[in-house]
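# Summary of structural features
Spelled out from the first residue to the last, the chains are:
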Amino acid sequence: MSQREETVVPILYDPLEAGGDSQNESAQPLGPYDEAVREGEELRARPRTAAGRIQIIKQHQKGRMTVWERIDALKDAADDPILLYQNWGKNLDGASIVTGIIKINGRDVAFYGHDFTVRAGSMDATNGRKLANLIYLAGERGIPLVGMNDSAGAYVPAGIGGLDGYAEAFTALRKINGVVPSVMCMFGYNAGGGAYLPRQGSFMIQPKDTFFGLTGPGVVKSVLGEDVTPDELGGPGVHGQSGVVDLTVDDEIGALRTARRLLSYIPSNNHEMAPFQATSDPIDRPTNEIATLLRKAFNSPTGFNTPFDVSLIIQQVCDHGDFFEVQPQRAKNAITAFGRIGGNVVGFVANNSAYASGQIDIDAAYKIARFVRFCNLYNIPVIFFEDTTGFLPGTDQERRGIVQAGRAMLDAIIDIRTPRLLCIIRNAFGGAYAAFNCYATGADHVIALPTTRVAVMGPAGKDFVYKDELRAVRAEAKKRLSLRLAELGDAGELNAETKAEAEREIAEWLKQEEAKFNLRYEKELMNPKEALSLGSISEIVQPEQLRASLARSLQFYLRHYVPGPMTGVQREFH
């Protein structure tokens, strides 16, 4: 061995074990690099640990999850969130809200969540700017936004900074509206800005035992002297009925899972189609159950006046019977829902005769208008199922503005640029027919079931069509009554009781005669024949073939549709 050669001695111990050289190393003073690494690790851990165990326990005792638990439930299991804007000032500036990117069903989604364990999730100028930055990022990158709202509102010690923070977030969310969709989950107790901000989103989901509103019960008590609970003032029952909330659920997990499911039906932005989902359900599957439903309904003693739940028809035409109803608690006389036909997402709008005869009232009109507007913005085709006797009449509706509500619905339907189909199931009368996606308002394809009854008016129209004949019958009824009373008088049998009996007999005769005109009117005018001859309907489709017919038409129009944002003149909307 030369003098320059050295003997290599193998290491016989693990330097990472306690007692090894690492022990000696740790005993040495930390250098600048080690200090930086330690502080960096503390900063990385700070968002999840800053609240402390006590605050987390308090959150759990209220039946609420922490923001980090909500994030874990919302995201794909194998995904780790990318956290953005982890700003922590000396007064916890910006610390009470978490922002970042996660994957949901494999798709990038921006999210924010108020951290109620840190300063009650309140808003200051810093985290208002932080939230606005995230919202703008979602709009610029074309990804959906999910909000998990659980905030006490503006941070009072921050002064006007909290209000500025909200204003920045308001502005950002408004500017991405119609560019990317957003889903807002309501947790805990939110008031003021904490209620306004999420309602700017596309959809709102509210679990039980939560509150949001303009003000809380305490303010209502002090200003108006009314005793009201938070649930009565701003719970899911209230907001679900008013339409402020689109979906109500039992708990926080239900809200997060519902958000995930809702996102599976909507596109990432206004340049794309909604996610296609391959299906094993044949598009030409016979819908025999629809024929069974209509047969039982219309062959019943009440005939064509028999109500039925149109959701059964929607179920039958959708892939594997799966659809997602929006605003199910509000205006049940109309159904708005997402579903798929042949893997393609479709928005369904249907009159539901199981409630209020399917008539269109103020709430139904606004419910339809808002849903149709969303589908139009985000390249979702719409299928209408019509079965309505018209707009709901009455002083209450007129005083509340049924004309304005009907106009909002009509405007939204006229403006649809996506593929749009109409299937008339039964009744399509008057202005409701004219406003409900007929060819004249821009429908691409109109079909009708054999049970269709299209007319200017319902059965009351017989008074105009057969006016002279009905006048003669009614005159005959008066003549018969006079003769009958004269006979009773000549026989000395005329008294109050016999007179009433004679009037009942003649009234029953007149009712039977008028019923004949009702049947004649239905046979001659309340059917699809005239509409078919004029081209107002393209074809009659048998109930068993409804899914196949809709699927073929939908696929044709989608093949010739190019998704993109709305362009051209923006009309005045309600």
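All figures in this text were calculated on a predicted structure; none of them were measured in a lab.

Reading the values: the criteria
Residues numbered from 1 in each chain as written. Predicted model: local features only at pLDDT ≥ 70, side-chain atom pairs only at ≥ 80, totals over all residues. Heavy atoms only, no water. Helix = DSSP H or I, 4+ residues; strand = E, 2+ residues; numbered from the N terminus. Buried < 20%, exposed > 50% of the residue type's maximum accessible area, 1.4 Å probe, protein only. Pairing = 2+ DSSP bridges. Axes fitted to C-alpha atoms, helices over the stretch in contact; angles between N-to-C directions. Expected span 1.5 Å × (residues − 1). Arc of directions from axis to C-beta. Contact = heavy atoms within 4.5 Å. Parallel < 35°, antiparallel > 145°, perpendicular 65-115°, else oblique. Nonpolar A, V, L, I, M, F, W, Y, C, P; charged D, E, K, R; others polar. Patch = residues over 30% accessible without salt bridge, like charges linked within 9 Å, V, L, I, M, F, W, Y side chains within 5 Å. Areas by Shrake-Rupley, 256 points an atom, 1.4 Å probe, with all protein chains shown as cover. Salt bridge = Lys/Arg side-chain N within 4 Å of Asp/Glu carboxyl O. Left-handed = near helix turned anticlockwise from the far one by under 90°. Disulfide = S-S within 2.5 Å.

This paragraph deals with unusual backbone geometry. Phi angles above zero are rare outside glycine, and Gln327 is one such case at about 55 degrees. The residue Gln327 is located in the loop between β10 (323-326) and β11 (334-341) in this model. You can call Gln327 buried: its relative accessible area is 3%. Although it is not a glycine, Asn437 adopts a positive phi angle of roughly 65 degrees. Within the secondary structure layout, Asn437 lies in the loop between α17 (430-435) and β15 (445-448).

The strand order across the open sheet built from seven strands is β1-β2-β3-β4-β5-β7-β9, with neighbouring strands paired in mixed fashion. Of all strands in the sheet, those bounded by a partner on one side alone are β1 (82-84) and β9 (247-249). In this sheet, neighbouring strand axes are inclined to one another by 20 degrees on average, regardless of whether the strands run parallel or antiparallel. Judged from the three bridges that link them, strand β7 (residues 203-207) and β9 form a sheet pairing that is parallel. Paired with Gln206 across the bridge in β9 is Thr248.

Turning our attention to helix α16 (residues 402-414). Between its first and last C-alpha atoms α16 spans 18 Å; for 13 residues at 1.5 Å apiece the expected length is 18 Å, and the two agree. Listing the buried residues of α16 in full gives Ile402, Ala405, Gly406, Ala408, Met409, Ala412 and Ile413. Projection of α16 onto a plane perpendicular to its axis shows the buried side chains occupying an angular sector of 155 degrees, all on one side. Here the buried face of α16 lies against α14 (362-377), β13 (382-388), α15 (395-400), β14 (420-429) and α17.

With that out of the way, let us pick up the packing of helix α5 (residues 125-141) against helix α6 (residues 160-176). Across the interface, α5 lies against α6 with an axial gap of 7 Å and an inter-helix angle of 5 degrees. One finds that α5 runs roughly parallel with respect to α6. Counting all contacts with α5, which are made through Ala125, Gly128, Arg129, Leu131, Ala132, Ile135, Tyr136 and Gly139, the residues of α6 involved are Gly161, Gly162, Gly165, Glu168, Ala169, Thr171, Ala172, Leu173, Lys175 and Ile176. Here the contact of α5 with α6 is built from residues that sort into nine nonpolar, six polar and three charged.

Moving on, we get to a nonpolar patch on the surface. Taken together, the side chains of Val219, Val223 and Leu224 define a hydrophobic patch exposed on the protein surface, amounting to about 290 Å² of accessible area. Mapped onto the fold, Leu224 is located in helix α8 (residues 217-224).

Turning to the packing of α14 against α16, a few remarks are in order. Two elements in contact, α14 and α16, have axes whose closest approach is 8 Å; the angle formed by their N-to-C orientations is 25 degrees. Regarding the angle of α14 to α16, the classification is roughly parallel. For the crossing formed where α14 meets α16, the hand is left-handed. Each of Ile362, Ala365, Tyr366, Ile368, Ala369 and Val372 in α14 lies in contact with α16, whose residues at this interface are Ile402, Gln404, Ala405, Gly406, Ala408, Met409, Ala412 and Ile413. Looking at the contact of α14 with α16 residue by residue, the class counts come to twelve nonpolar, two polar and no charged.

Attention now moves to the environment of Ala172. Tracing the backbone shows Ala172 in helix α6. Residue Ala172 is classed as buried on the basis of its relative accessible area, which comes to 0%. Each C-alpha atom, one on Ala172 and one on Thr451, is 50 Å from the other, the two residues being 279 residues apart in sequence. Excluding anything up to four places from it in sequence, Ala172 contacts Ala132, Ile135 and Tyr136.

For the coordinates displayed, the defined rule picks out zero disulfides. Of all cysteine sulfurs, the one in Cys423 lies closest to Cys438, which takes part in no disulfide; the gap is 15 Å. Taking the relative accessible area as the measure of exposure, Cys438 reaches 3% and is therefore buried.

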